[in-house]
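Descriptive analysis of the structure
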Amino acid sequence: MEMTTRMKQILQLLLQESAAVSVKYLAEQIGVSRRTVQRELESVGASLKGYELTFVSKTGVGIWIEGSEEEKKRLLAACSAGNDYDVSNREERRKRLILEILKEKGLRKLYYYSSKFEVSEATVSADLEAVEGWLAHYGLIVSRKPGSGISIAGSEENYRRAIRGFIDENIDTGIMKEVYGEDGYDLSSYRFLKKSSIGQILNNDIVQRVMDSMTRVGHNRVLTLTENSYVGLVIHISIAINRIRKNEVVEYDENWKQDLPEDEDYALAELIVKELEREFAIDIPQVEISYICLHLKGAKHEKIQWNQDAQIEMENKELQQLVNDMIDAYDARQAYLMKQDDGFIQALLAHLQPTLIRLVYGMQIQNPVLEDIKVSYPDIYSRCEKVAQVLEAYTGKAVPEQEIGFLTVHFGAAMVRLEGRKEKIRKVQAGVICSSGIGISRLMSSKLEKLFHGRMEITAYGKHDITPYIMSRTDFFISTIPIEQPDIPTVFVNALLNDEDIEQIRHMIRKYERMPKKQKEADEFSMQLEEINLVASQINTVIKYMELFRVDNQISFGELLIAIGEKMSPYSDCQEIIREDILRREQIASQVFAEFGFALFHARTKGVMRPAFSICMTKDLGAFADAYFKGIRIVFVMLAPVDGNAKINGDIMGYISSMLIEEYEFMDVVLKGDVQEIRNALSRNLKKYFNKYIGGFS
């Protein structure tokens, strides 16, 4: 005899208890009456058949199950198996009814669901009436005909849209991320998904293979999708693959296809389909390419891919007018000022392109923070409902509240910037101090940039770097150590930045961002001295930390970039930033100069905190074997940090670049491979630069 869901719940509770429990306790835990539990317990003996276990009930003591631990574990596993649910939960039961309809692509007799859900046919009939509206939203119509019973009419396309909608409403993309993570399956999450109602629609093997196929395609338009959009695309394709394998193909509709341009999104959809056909050894109909293309066009991206000028060309006057109309609808009084916000206009244009695709083709999008937006920004949301009316008039399609929520985010951000301009809020200049200016300060700077993005510009300093010049251009300092200048505004913090530290920093930002930019109090001569001091400090850093390192003659270009990153920074994330920045510069124009016998890999990068110059040669001081290096013997590496000293660092590095070509004696010293001799020669040459620099002030 198969156990009922409620019996499984009772047995699970009894098996997990180490002592006798009361019927009242069981009823409270399950959420039903004591009489219901007592009625279920009448058939407990039948449920224990096949197990060497005994159900015991003693008045005044309670009830429990006796038997060996092995048998108890076996029964507990049986009770835990399957996809259980509480039949008394109306919402859960109706979701399962929708699920059964979508799985079967139709409707069975009422007694089938009555038996499966352990409720009466009248209850099933009431549940069906309750879900009719949901089904109708996706074009699935319930019809009742005397003599022939109840049926559901709808196209394959409608069924797929309904399946996608059901998944969107009932799955957290975090589950997908946990289950199908890069490090393999998370078994607990996998079992949860497999047992869940979603797991009965999604074939888990198909989902994993679809994700593998997407990874192999490796296109930037896929890699930059937001998590929700990526998961949506995976689900869309997984459903399509599953239905195609069942020979259930979407009916082809020429009406919308004729307006779909065969552009880069369409070409990417074709690449994805080819990879899927190879993976699953199936023929995918042409119409599926169009559907995948539509999804790509309607998807959101973490990074907006502009053209080379990092701007959207405003040639489409119609789209430009639409944006203007939307801003006018939001607030006619402040429209002029909002239209001057280039960042807002560009972000809104980027958002509109996929939004219009979604509206025109009736594509769904989820907004997980919609309710929070409504509660936190009711006024902005209300105004954006008027903006949505402009979009509705333009497209002829109703704008879902999820889309209004996203518009609220964009318009809300514009309003924050607008209010900031009214208050003359500026970006604060802050310095982070630790003993060296490299270790802890780097970690703190990274965390602070995330917490206060856009509100302050952060520069890391060592404890000996704080000169009058630095003090004159910094609003306040954040330090983990005592400093010698007690009169400068400083927030002393724990290196891990606890909540109290962060609140102190937030207070300082609020204070200084509304004050005029810090005025330099020193006279012109004092300022010159401070600037000279900074230049001297930067030159000293370049000389002091210059390194010569040797690599295998057979090293490839790619391997050398990894070696450079490892040599220039002890931190793995910075090593990767350095590698990427050098590679990006090399791809613009090769810096391997065969005519001079060296390569000069240089970049301005967030991977370093100070200007750095190093030299790389082969172990035998001979030529690099990889053809990419064109027979050169030396690789010079020059890196400058992304900070407020760009001109000074650039001038120093520019002088070194000229020196490599013009000073033959320096090159002769380098070729000998003696690091101390190279440092001495570098020092002599940079002394010439420093003397010339000082002479410029006279």
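Residues numbered from 1 in each chain as written. Predicted model: local features only at pLDDT ≥ 70, side-chain atom pairs only at ≥ 80, totals over all residues. Heavy atoms only, no water.

1. Concerning the overall build of the protein chain
Cut-off, in case you're wondering: Helical segments are the DSSP runs of H or I of at least four residues, strand segments are the runs of E of at least two, and each set is numbered from the N terminus. Using a 1.4 Å probe on the protein chains alone, a residue whose accessible area is under 20% of its type maximum counts as buried, one over 50% counts as exposed, and one in between counts as partly exposed. Here, two residues are considered to be in contact whenever any of their heavy atoms come within 4.5 Å of each other. Only the protein chains shown count as covering a residue, and every accessible area follows the Shrake-Rupley method with a 1.4 Å probe.
The helix and strand inventory of the protein chain stands at 33 helices and 15 strands. Every one of the 698 residues in the protein chain was classed for burial, and the buried ones make up 47%. A fraction of 70% describes how many contacts in the protein chain between residues 6 or more apart in sequence connect residues 24 or more apart. Carbon and sulfur atoms provide 49% of the accessible area of the protein chain, an area that totals close to 36200 Å².

2. Things to note about the pairing of strand 1 (residues 53-58)
The following threshold applies: Being paired, for any two strands, means DSSP has found at least two bridges between them.
Bridge count for strand 1 against strand 2 (residues 62-67) is six bridges, and the pairing is antiparallel. Across the sheet, the residue bridging to Phe 55 is Ile 65, located in strand 2. Where strand 1 folds back onto strand 2 in an antiparallel hairpin, the turn is made up of three residues, including Gly 60, whose phi is positive at roughly 85°.

3. Focus: the sheet that holds strand 10 (residues 490-492)
Where we set the bar: The convention used is that axes are lines fitted to C-alpha atoms, helices contributing only their stretch in contact, and that angles between N-to-C directions extend from 0 to 180 degrees.
Spatial strand order, 8-7-9-10: four strands in an open sheet with parallel pairing. On the outer flanks of this sheet lie strand 8 (456-462) and strand 10, each paired with one strand and no other. Strand-to-strand, the axes of this sheet are offset by a mean angle of 25°, without reference to chain direction. Pairing of strand 9 (residues 476-479) with strand 10, which is carried by three bridges, proceeds in the parallel orientation. Across the sheet, residue Ile 478 finds its bridge partner in strand 10, namely Val 491.

4. Brief notes about the sheet that holds strand 15 (residues 634-641)
Here five strands make up an open sheet; going across it, the order is 11-14-15-13-12 and the pairing mixed. If you trace the sheet from one side to the other, it starts and ends with strand 11 (547-551) and strand 12 (592-593), each paired once. Contacts between helix 30 (residues 572-588) and the sheet are confined to strand 12, strand 13 (598-605) and strand 15, with strand 13 contributing the most and set at about 115° to the helix.

5. Remarks on the packing of aromatic side chains
Put simply, the test is: Each Phe, Tyr or Trp ring (for Trp, its six-membered ring) is paired with any other whose centre lies within 6.5 Å, and the angle between the two planes then decides the class: stacked below 30 degrees, edge-to-face above 60, tilted in between. Only when the NZ atom of a Lys or the CZ atom of an Arg is both within 6 Å of the ring centre and within 35 degrees of the ring normal do we say a charge sits over the ring.
If you walk through the whole model with that rule in mind, you get 16 aromatic pairs. Residues Phe 593 and Phe 596 carry aromatic rings whose centres are separated by 6.5 Å and whose planes lie at 65° to one another, so their mutual orientation is edge-to-face. Overall, Phe 596 belongs to the partly exposed group, its relative accessible area being 39%. Ring plane angle 70° and centroid distance 6.2 Å describe the contact between Phe 593 and Phe 598, whose orientation is recorded as edge-to-face. Look at Phe 593 and you get partly exposed, because its relative accessible area is 23%. By way of ring pairs, the aromatic residues Phe 557, Phe 601, Phe 624, Tyr 628 and Phe 629 are connected into one cluster. Taking the ring centre of Tyr 330 as reference, the NZ or CZ of Arg 383 above it sits at 5.5 Å.

6. Considering helix 17 (residues 264-280)
What counts is decided by this rule: Helix span is expected to be 1.5 Å times the residue number reduced by one.
The end-to-end C-alpha distance of helix 17 is 24 Å, a good match for the 24 Å that 17 residues give at a rise of 1.5 Å each. Within helix 17 the residues assigned to the buried category are Asp 265, Tyr 266, Leu 268, Ala 269, Ile 272, Val 273, Glu 275, Leu 276 and Phe 280. Of the residues one or two after helix 17, Ala 281 is the one with positive phi, at around 55°.

7. Quick look at the nonpolar core
What counts here: As used here, the term nonpolar core means buried Ala, Val, Leu, Ile, Met, Phe, Trp, Tyr and Cys residues forming a set that is joined through side-chain atoms within 4.5 Å.
By size, the foremost hydrophobic cluster in this structure holds 44 residues, and its most contacted members are Phe 613, Ile 615, Phe 636, Ile 656, Phe 666 and Leu 682. Counting residues per element, the ones that place at least two in this core are helix 26 (468-472), helix 28 (524-544), strand 13, strand 14 (612-618), strand 15, helix 31 (646-662), helix 32 (664-672) and helix 33 (675-695). When neighbours within four sequence positions are excluded, Ile 615 is seen to be in contact with Met 546, Glu 547, Leu 548, Phe 549, Ile 634, Val 635, Phe 636, Val 670 and Ile 678. If you look at the next biggest cluster of nonpolar residues, it comprises 31 residues, including Phe 344, Leu 370, Tyr 381 and Leu 418.

8. Comments concerning empty space enclosed by the protein
Selection criterion: Only protein atoms enter the calculation, which uses a 1 Å grid: trapped sets of points that fit a 1.4 Å probe without letting it out are cavities, open sets showing protein on both sides within 12 Å along at least five of seven lines are pockets, and any residue with an atom within 4 Å of a point is a lining residue. Grid points are joined across faces, edges and corners, and a volume is the space filled by probe spheres set on the points. Under the scheme applied here, ten amino acids are nonpolar (Ala, Val, Leu, Ile, Met, Phe, Trp, Tyr, Cys and Pro), four are charged (Asp, Glu, Lys and Arg), and all others, including Gly, are polar.
By the definition in use, this model includes two cavities of 30 Å³ or more. The computed volume of the largest cavity comes to approximately 50 Å³. Together, His 236, Ile 237, Ala 240, Ile 241, Ile 244, Leu 276, Ile 284, Glu 288 and Ile 292 line the largest cavity. Those elements giving two or more residues to the lining of the largest cavity turn out to be helix 15 (227-245) and helix 18 (286-297). A total of five residues in the lining of the largest cavity trace back to one element, the largest contributor, which is helix 15. Looking at the lining of the largest cavity residue by residue, the class counts come to seven nonpolar, one polar and one charged.

9. Considerations on the pairing of strand 8
Where burial is concerned, most of strand 8 is hidden: six out of the seven residues are buried. The pairing of strand 7 (residues 428-434) with strand 8 spans seven bridges and is classified as parallel. Note on strand 8: the bridge partner recorded for Gly 431 is Thr 459.

10. Thoughts on unusual backbone geometry
If you check the backbone angles, Leu 621 has positive phi at about 65° while not being a glycine. Along the chain, the position of Leu 621 falls in the loop between strand 14 and strand 15. Judged by relative accessible area, which is 16%, Leu 621 ranks as buried. One non-glycine residue, Lys 630, lies in the positive phi region at around 55°. Along the polypeptide, Lys 630 turns up in the loop between strand 14 and strand 15.

11. Some thoughts on the pattern of salt bridges
Counted only if it meets this: Here a salt bridge means any side-chain nitrogen of Lys or Arg lying within 4 Å of a carboxyl oxygen belonging to Asp or Glu.
Within this structure, the stated rule accounts for 19 salt bridges. One salt bridge in this structure joins Arg 94 and Asp 127, with 2.7 Å as the shortest N-O distance. Placement of Arg 94 in helix 6 (residues 90-104) and of Asp 127 in helix 8 (residues 121-137) is noted, with a sequence separation of 33 residues between them. Residue classification places Arg 94 among the partly exposed positions, given a relative accessible area of 22%. Across the pair Arg 455 and Glu 513 runs a salt bridge whose closest N-O atoms are separated by 3.0 Å. Residue Arg 455 is found in the loop between helix 25 (439-451) and strand 8, and its partner Glu 513 is found in helix 27 (residues 499-513); the two are separated by 58 residues along the sequence. Via salt bridges that share partners, Arg 209, Arg 216, Glu 275, Arg 278 and Glu 279 belong to a single interconnected network.

12. Some words on helix 32
Each α-helix turn comprises 3.6 residues. Residues three or four places apart therefore point the same way. Here is the rule: Along the arc lie the directions from the helix axis toward the C-beta atoms.
Among the residues making up helix 32, those that are buried are Phe 666, Met 667, Val 669 and Val 670. The buried residues of helix 32 all sit within an arc of 160° when viewed along its axis, so they share a single face. Exposed side chains of helix 32 directed beyond 90 degrees from the buried face belong to Tyr 664, Glu 665 and Lys 672. Contact partners of the buried residues in helix 32: strand 13, strand 14, strand 15, helix 31 and helix 33. Looking one or two residues past helix 32, Gly 673 carries a phi angle of roughly 80°, positive in sign.

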